[in-house]
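Fold and contact review
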Amino acid sequence: MIKLLAKLLRVLNSETDPGQISLGLCFAMIAGLTPLLSLHNLFVLLLVFILRVNFAAFLMGLGLFTGMAYLLDPLFHQIGLAMLTASSLESVWTSLYQSVWWRLEHFNNSMVMGSLVFSLGLFLPLLLLSNLLIRRYRQHILAWVQKSKIMQMFKASKLFETYQSLSAWRSD
Amino acid sequence: MAKWIRWWGLGAFVVVATILGCVWVLLIDGWVKGLIEEAGTEAVGAKVELDGADLSLFPAGLKLARLQVTDPKRPMTNAVEIANVTMGVDGLNLLRRKIIVEEMVLAGVRLGTPRALSGATRESSVQEKESEMFSIDLPSLEVPDVKNILEQEDLETIRLIETLKADLKLEKDTWKSRLEELPGKAKLAEYKKRVKNLKKVKKGGLKGILGGVGEVQALKQDIEQELESLNGAKKEFEDKVALLQTRLDQVKTAPKRDIQHLKAKYNLSPQGLANMSQTLLGGQIGSWVRQGAEWYERAKPFLEWAPALGGSEAGPEMQKPLRGKGVDVHFKEANPLPDFLIRKTKVSVNLDIGDLAGTIHNITSDQPTFGQPTTFVFFGEQLKGVKSVALKGALNHVIATDPKDQMTLQAKGYELKNFMLSQDAQWPVALTSGLGDMNIHAELKGEALSANGGAQLSALHLSAGKEGDINPLTTALSSAVTGISQLSLEANAKGTLQQQDVTLSSDLDRILQKAAGKMVNELAAKFGAQLQSAISAKIAEPMQQLKKNFSGLEGMGGDLTERVTQHNGILKSLLEQNLPIKGLKNLPGGLKLPF
């Protein structure tokens with residue numbers, strides 16, 4: 001837990017591009033909210049590897065969103081079921097159903113469909129919002145946090161030692 | 001662009017994907033093994049075990065080594081043990097989540113093999129009870145003591161007499177009080193007096209006539225009312241008497257029923273010999289039918305169509321939701337195939353009597369989608385103890401609402417050896433040796449099971465009875481049975497899978513009836529005569545009382561009839577005598593009165 005918090009602070013306080021951190025979080029949202037062993041998550045993993053996405057942000061986000069997914073399961077089921085049973089979309093789903101790859105994707109499952117639609121829908125808003133928040137944090141809060149008494153105490157703590165040891169490892 | 005792309009990441013992804021793939025390949029065999037064991041155990045209700053599973057990807061296929069299926073009723077025995085299972089899976093359809101097997105080979109199938117460890121699960125820990133030894137109710141050859149029987153037995157005749165006697169007393173008391181309430185002699189005397197007074201009025205001129213009209217009308221109404229109540233009571237009384245008379249008639253025929261019942265109870269009825277083949281063989285055949293039904297029940301869930309497995313013309317279909325799993329919505333497929341299908345299965349069964357070879361076509365859980373039934377054929381020749389055996393059948397669930405399964409078994413030259421037909425202490429019967437040709441056909445249509453079979457048994461050697469038996473009946477039966485060298489047997493079973501009614505008939509019935517029927521009939525007649533006279537003596541006094549009570553009741557009926565007659569008489573005299581009523585009818589001007 002201490003290491004995780006230290007990692008978060010290190011990522012936020014580093015000079016990594018906010019876009020890379022935000023993208024990592026957004027990819028984590030897709031992988032975390034949708035069933036992990038899905039075909040599309042292999043594609044997400046590929047993107048995480050080849051794009052300059054912040055790995056630490058991705059891994060932290062993955063843990064966070066996986067936990068959230070359990071709470072949101074009923075919502076995903078409702079969304080997915082509504083999408084899959086919408087008569088206007090039936091011809092689309094029927095044609096996808098004939099494809100081996102789409103069957104492998106298991107798109108016809110209410111949970112897969114619901115969580116994928118939900119996370120794709122939130123992808124752009126989360127990207128912009130997290131980008132904005134990280135920039136604001138760095139502009140207005142970072143300096144104040146560094147000078148605060150709590151931070152001074154923190155620097156003297158074991159947590160800071162961990163932070164220091166991790167700072168040697170730079171993100172790409 | 002270079003700011004956003006890291007090309008070495010592609011290599012890292014390949015490495016990670018390869019590692020994940022290797023882990024999958026290493027673990028998949030164990031996972032498949034576990035999956036088969038778990039699903040099999042749940043389906044059978046006892047442990048299903050595998051020594052190993054080997055899943056190959058190119059070409060897609062699966063090999064299973066030593067599959068053991070425990071008999072749920074005998075946990076230390078495998079119902080089926082298969083040395084090797086080999087199948088080739090359609091890889092493309094596997095990606096569509098469909099298991100389509102073109103050909104499966106089951107080699108080294110053995111039945112009833114012993115297990116090293118118990119295969120019982122918690123649910124199936126109940127051991128099968130040994131089949132119960134049945135005994136035969138042979139007709140008795142000793143006439144029981146009639147006196148003792150009548151002391152111990154609850155005779156229907158006595159019961160009917162007692163209840164009728166009590167009811168008669170109750171009716172008598174009731175009608176006694178009813179008669180007191182009903183109009184009797186006092187009322188009659190009153191009416192006579194009123195009639196007499198009216199005659200005096202007649203002589204009083206027109207004024208007297210007009211005054212008497214009202215009185216006549218009132219008197220007439222009173223008498224009619226009394227008559228109505230008397231007639232109602234009379235009708236009610238007659239109904240009651242008729243009912244009691246019917247019961248009295250039942251009492252008169254009750255001794256005959258008592259005698260029949262006692263003759264059957266004390267085995268002095270020749271009916272016991274009428275269907276001895278049912279007694280001797282019915283239990284065993286019923287047990288075989290039940291075993292077959294139990295195995296069918298286990299296979300049934302795999303044959304019945306799971307309606308949510310395929311999309312239809314009506315639109316998408318869904319499976320039940322599972323928490324955290326969601327539901328699968330299925331759409332119409334261009335070339336629909338069931339989720340699970342084994343087109344052809346070659347089976348080689350190693351039995352103690354020799355090897356049976358068979359082929360099963362179209363094993364699937366979704367026959368409506370596939371459109372073809374599951375069929376099977378097994379055949380074996382020159383086996384140990386049987387010349388040939390053939391089993392064929394079809395499990396047709398193509399129309400899910402109208403399933404029809406059928407099976408035919410033919411066996412020729414089946415050697416019968418040391419087969420206990422009866423373990424009755426009084427009269428044991430054993431089939432020492434013989435040959436049988438049998439033909440069995442069973443059909444299950446929906447819930448209705450019907451099976452029929454015929455067997456021709458020849459070269460029979462039967463042993464029956466005990467040494468030193470002095471009972472003339474069992475001696476006669478034993479002599480008849482041991483002389484039998486051939487028999488024809490017919491069996492029918494009807495009902496459902498849970499409840500079957502097995503009926504059997506054979507030459508045996510006729511042979512035994514002929515051997516001992518006369519002897520039993522004579523004894524039964526003797527016992528019947530003794531019972532008749534003893535029962536007649538026992539019921540003589542109660543019957544006498546009953547008749548006496550009945551005549552008392554009939555006397556009340558006479559009283560009631562007399563009262564009705566008397567009231568009718570007085571009403572008649574009122575209307576016929578020259579009372580004012582007559583004078584009024586002749587009023588001048590044609591004036592009529594409303595009565």
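Residues numbered from 1 in each chain as written. Chains lettered and ligands numbered in written order. Predicted model: local features only at pLDDT ≥ 70, side-chain atom pairs only at ≥ 80, totals over all residues. Heavy atoms only, no water.

A short note on the overall build of chain A
- Within chain A one finds nine helices and zero strands.
- Its helices and strands in sequence order give chain A the pattern α-α-α-α-α-α-α-α-α, from N to C terminus.
- A total of 172 residues make up chain A; the buried ones form 48% of that total.
- Sequence separation of 24 or more characterises 78% of the internal contacts of chain A that already satisfy a separation of 6 or more. (Helix = DSSP H or I, 4+ residues; strand = E, 2+ residues; numbered from the N terminus. Buried < 20%, exposed > 50% of the residue type's maximum accessible area, 1.4 Å probe, protein only. Contact = heavy atoms within 4.5 Å.)

Considerations on helix H2 (residues 18-33) of chain A
All names here are of chain A.
- Between its terminal C-alpha atoms H2 stretches 22 Å, which fits the 22 Å expected from 16 residues at 1.5 Å a residue.
- With 15 of 16 residues buried, H2 is to be regarded as a mostly interior element.
- Put simply, aspartate 17 is the residue that caps the front of H2, since its side-chain oxygen is 2.7 Å from the backbone nitrogen of glycine 19. (Expected span 1.5 Å × (residues − 1). Polar contact = N/O pair within 3.5 Å; in protein donor to acceptor, adjacent residues only side chain to side chain.)

Focus: the packing of aromatic side chains
- This structure, assessed with the given rule, holds nine aromatic pairs over all chains.
- Ring centres 5.7 Å apart and planes at 55 degrees place the aromatic pair phenylalanine 27 of chain A and phenylalanine 123 of chain A in the tilted group. Of the two residues, phenylalanine 27 of chain A sits in helix H2 while phenylalanine 123 of chain A sits in helix H7 (residues 110-147), which places them 96 residues apart along the sequence. Assigned by exposure class, phenylalanine 27 of chain A and phenylalanine 123 of chain A land together as buried.
- Through a chain of ring-to-ring contacts, three or more aromatic side chains come together here, namely Trp93, Tyr97, Trp102 and Phe107 of chain A together with Phe331 of chain B. (Phe/Tyr/Trp six-rings, centres within 6.5 Å; stacked < 30°, edge-to-face > 60°.)

Observations regarding the interface of chain B and chain A
- Residue-level contacts link 31 residues of chain B with 33 residues of chain A.
- Between chain B and chain A lies a buried interface of about 3100 Å² when both sides are counted; carbon and sulfur atoms form 60% of it.
- Of all residues in chain B, Trp4, Arg6 and Phe331 of chain B bury the most surface against chain A, accounting for 26% of the area lost on that side.
- The interface formed by chain B and chain A holds one salt bridge in total.
- The closest approach of N and O atoms between glutamate 333 of chain B and arginine 103 of chain A, which form a salt bridge, is 3.4 Å.
- There are 15 residue pairs in polar contact (both at pLDDT 80 or more) connecting chain B and chain A.
- Taken together, the elements giving at least two residues each to the side of chain B that touches chain A come down to helix H1 (8-44), helix H2 (91-95) and strand S6 (329-330) of chain B.
- By residue number, the principal contributor to the side of chain B that touches chain A is H1 of chain B, which donates six residues.
- When the residues that make up the side of chain B that touches chain A are grouped by side-chain class, the tally is 17 nonpolar, five polar and nine charged. (Buried area = accessible area lost by both parts, 1.4 Å probe. Salt bridge = Lys/Arg side-chain N within 4 Å of Asp/Glu carboxyl O. Nonpolar A, V, L, I, M, F, W, Y, C, P; charged D, E, K, R; others polar.)

Looking at the side chain of serine 130 of chain A
Residue and element names in this part refer to chain A.
- If you trace the backbone, serine 130 turns up in helix H7.
- A distance of 3.0 Å separates the side chain of serine 130 from the side chain of serine 22, its partner in a polar contact.
- Side-chain polar atoms of serine 130 contact the backbone oxygen of leucine 126, separated by 2.7 Å.
- Those residues within four positions of serine 130 in sequence are excluded, and the remaining contacts are Ser22 and Leu25.

What about the pattern of salt bridges?
- Applying the stated criterion across every chain, the model contains 22 salt bridges over all chains.
- Residue lysine 169 of chain B pairs with aspartate 173 of chain B through a salt bridge whose shortest N-O separation is 3.5 Å. Taken together, the residues span about one helical turn, with lysine 169 of chain B and aspartate 173 of chain B both in helix H4 (residues 156-181) at a distance of four residues.
- Look at aspartate 173 of chain B and you get partly exposed, because its relative accessible area is 41%.
- The residue glutamate 226 of chain B makes a salt bridge to lysine 187 of chain B at a minimum N-O spacing of 4.0 Å. Placement of the pair is glutamate 226 of chain B in helix H6 (residues 205-265) and lysine 187 of chain B in helix H5 (residues 185-202), with a sequence separation of 39 residues.
- Residue glutamate 226 of chain B is classed as buried on the basis of its relative accessible area, which comes to 15%.
- Residue lysine 187 of chain B is classed as partly exposed on the basis of its relative accessible area, which comes to 29%.
- Bridged by salt links that share partners, the residues Arg103 of chain A together with Lys98, Glu333 and Asp339 of chain B form one connected network.

Structural notes on a nonpolar patch on the surface
- There is a patch of nonpolar side chains on the surface, built from Val15, Ile19, Val23, Leu26 and Leu27 of chain B and spanning about 500 Å² of accessible area.
- Locating leucine 27 of chain B in the fold gives a position in helix H1. (Patch = residues over 30% accessible without salt bridge, like charges linked within 9 Å, V, L, I, M, F, W, Y side chains within 5 Å. Areas by Shrake-Rupley, 256 points an atom, 1.4 Å probe, with all protein chains shown as cover.)

Focus on helix H5 (residues 90-97) of chain A
- Of the positions making up H5 of chain A, those classed as buried are Trp93, Leu96 and Tyr97 of chain A. The arc that holds every buried residue of H5 of chain A, seen down its axis, measures 105 degrees, which confines them to one face.
- Here the buried face of H5 of chain A lies against helix H4 (55-84), helix H6 (100-105) and H7 of chain A together with S6 of chain B. (Arc of directions from axis to C-beta.)

Some details on the confidence of the model for chain B
- Put simply, chain B has an average pLDDT of 79, and 84% of its residues get 70 or more.
- A low-confidence stretch, residues 127-134 of chain B stays under pLDDT 50, and its non-local contacts, those more than four residues away or across chains, total eleven contacts. (pLDDT = per-residue confidence, 0-100.)

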